[in-house]
Amino acid sequence: MSFTTKIKEELIQLAAPKKEELAAIIKLSGSLSLSAKGLQLAITTENAKTARYIYSAIEAYYQIVPEIKYHQKTNLRKNRVYAVVVEQGVDELLTDLHLADAFFGLETGISPEVLKDDDAGRAYIKGAFLATGTVRDPESGKYQLEIYSVYLDHAQDLARLLQKFLLDAKTLEHKNGAITYLQKAEDIMDFLLIVQALACKEAFESVKLLREARNDINRANNAETANIARTITASMKTINNIVKIMDTIGLSSLPLELQEIAQLRITHPDYSIQQIADTLDTPISKSGVNHRLRKINKIAEEL
């Protein structure tokens, strides 16, 4: 089950939908046609539970008994597409939900009443997500929530509605419509709080925190590996210079404190500067060891 499906199935288990939620679902997933009985409304979804949810809402609010139909998609995924079909009282339903103008092309944005009222706005956001929303699985490490709209001005109104709840929503126009989207993990988690998908919010946050912990560990390991590589490189350079001194003027020509450092470096090529400092007969600081190693390197370079 995709993460999007988990969210939608959590949402439809909450309290009965408000009319604003139903309005958003119908606006984004509904289509009108003419049948022998008159005006017909069909609301499509790929989720059987969402179809039953829409069916129950229409029946509860309007005492209309819709019909649920389905067909198989012909693409590679071959998902079923469900249609909740209303063949009676369509005019009254659209008028009551303030959708008549939207379906006849007179109004393509979101009703000002929804934009003004926070409770209505939350319900509308929930319905919009149920209709055409998707969330990228947080396991992918790339965070994206999208809601598709046929009209750009609806996508822009939806972005403004989300911005009312302090979400950094943006819009992007496509050839066949527009999307309203969120790209920050924190915004997506806040979105899930707004629509009350609390279990999915917790799951999203857990995955995010786990990924961040893994990344921190990997960064620490990479830094440690890089430090080890730098230490080995520096050690090999010094060892080569010590060998050069031994083959030319001999270690005995060096001052005693440099001889001691040179012998330790040759004997323990894997030692860190601190380990060398601690192993000396008279321990000195790391900077003291570095100073002596630089002297050895300089002597070798001058030979």
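Everything below is about the structure shown above.
If you're wondering where the values come from, they're calculated on a predicted model, not measured in any experiment.

Caption draft 1: Spatial organisation of the packing of helix α11 (residues 256–267) against helix α13 (residues 286–301). Close contact between α11 and α13 brings their axes to 10 Å; oriented N to C, the two are set at 95°. Overall, the two elements α11 and α13 adopt an arrangement that is roughly perpendicular. Note on element contacts: α13 touches α11 through V289, R292, L293, K295, I296 and I299, opposite E257, L258, I261 and A262. Considering only residue class, the contact of α11 with α13 consists of 7 nonpolar, no polar and 3 charged.

Caption draft 2: Expanded view of the packing of helix α7 (residues 118–132) against helix α8 (residues 152–164). Their axes nearest at 10 Å, the elements α7 and α8 cross at an angle of 125°. One element, α7, and the other, α8, form an angle in the oblique class. Between α7 and α8 lies a crossing whose hand is left-handed. Between α7 and α8, the contacting residues are D118, G121, Y124, I125 and A128 on the first element and H154, L158, L161, L162 and K164 on the second.

Caption draft 3: Layout of the sheet that holds strand β4 (residues 80–86). Strand order in the open sheet made by the 4 strands is β1-β2-β4-β3, with antiparallel pairing throughout. Across the chains shown, the open sheet's two edge strands, defined by having one partner strand only, are β1 (30–35) and β3 (67–72). Strand-to-strand twist across the sheet, computed as the mean angle between neighbouring axes with direction ignored, equals 30°. Where strand β2 (residues 38–45) and β4 come together, 5 bridges link them in antiparallel fashion. Residue pairing for β4: A42 is matched across the bridge by V85. Its contacts with the sheet put helix α3 (residues 48–62) on β2, β3 and β4, and the angle it makes with β4 is roughly 5°.

Caption draft 4: Local environment of the layout of surface pockets. Considering only enclosed or pocket space, the largest pocket measures out at about 380 Å³ in volume. Considering the residues around the largest pocket, the lining is formed by 18 residues, among which K8, A131, T132, G133 and T134 are closest to the centre. For the lining of the largest pocket, the elements supplying multiple residues, two or more each, are α1 (3–11), β2, α7, β5 (133–135) and β6 (145–149). Class assignment of the residues belonging to the lining of the largest pocket gives a composition of 5 nonpolar, 10 polar and 3 charged.

Caption draft 5: A look at a nonpolar patch on the surface. A cluster of nonpolar side chains, namely V243, M246 and I266, defines an oily patch on the protein surface of about 210 Å² accessible area. You can see V243 is positioned in helix α10 (residues 198–248).

Caption draft 6: How the structure looks around the nonpolar core. Residues I7, I26, I58, F191 and F204 are the most contacted members of the largest nonpolar core, which totals 57 residues. Residues in contact with F191, not counting those within four places in the same chain, are I125, F129, L145, I147, L162, L167 and L182. Residues L251, L264, I273 and L293 belong to the second largest nonpolar core, which totals 16 residues.

Caption draft 7: Examining the sheet that holds β5 more closely. If you walk across this open sheet you meet the 4 strands as β5-β6-β8-β7, and the pairing is antiparallel. Among the strands making up the open sheet, the edge pair consists of β5 and β7 (170–174). Strand-to-strand twist in this sheet, taken as the mean axis angle between neighbours without regard to direction, amounts to 25°. Judged from the 5 bridges that link them, β6 and strand β8 (residues 177–182) form a sheet pairing that is antiparallel. Each residue of the ladder has a partner; that of I147, found in β8, is T180. Helix-sheet contacts for α8 involve β6, β7 and β8, and the interaxial angle to β8 is about 15°.

Caption draft 8: Molecular detail of the side chain of T132. Here T132 lies in helix α7. Within the structure, the side chain of T132 is placed 2.8 Å from the backbone oxygen of Y148, a separation counted as a polar contact. Apart from the residues within four sequence positions on either side, T132 is in contact with L28, S29, E146, I147 and Y148.

Conventions adopted
- Residues numbered from 1 in each chain as written.
- Predicted model: local features only at pLDDT ≥ 70, side-chain atom pairs only at ≥ 80, totals over all residues.
- Heavy atoms only, no water.
- Axes fitted to C-alpha atoms, helices over the stretch in contact; angles between N-to-C directions.
- Helix = DSSP H or I, 4+ residues; strand = E, 2+ residues; numbered from the N terminus.
- Parallel < 35°, antiparallel > 145°, perpendicular 65-115°, else oblique.
- Contact = heavy atoms within 4.5 Å.
- Nonpolar A, V, L, I, M, F, W, Y, C, P; charged D, E, K, R; others polar.
- Left-handed = near helix turned anticlockwise from the far one by under 90°.
- Pairing = 2+ DSSP bridges.
- 1 Å grid on protein atoms, 1.4 Å probe; cavity = no way out; pocket = protein on both sides within 12 Å on 5 of 7 lines; lining within 4 Å.
- Points joined across faces, edges and corners; volume = space filled by probe spheres on them.
- Patch = residues over 30% accessible without salt bridge, like charges linked within 9 Å, V, L, I, M, F, W, Y side chains within 5 Å.
- Areas by Shrake-Rupley, 256 points an atom, 1.4 Å probe, with all protein chains shown as cover.
- Salt bridge = Lys/Arg side-chain N within 4 Å of Asp/Glu carboxyl O.
- Core = buried A, V, L, I, M, F, W, Y, C linked by side-chain atoms within 4.5 Å.
- Buried < 20%, exposed > 50% of the residue type's maximum accessible area, 1.4 Å probe, protein only.
- Polar contact = N/O pair within 3.5 Å; in protein donor to acceptor, adjacent residues only side chain to side chain.

Treat this as a map of the structure, not an account of what it does.
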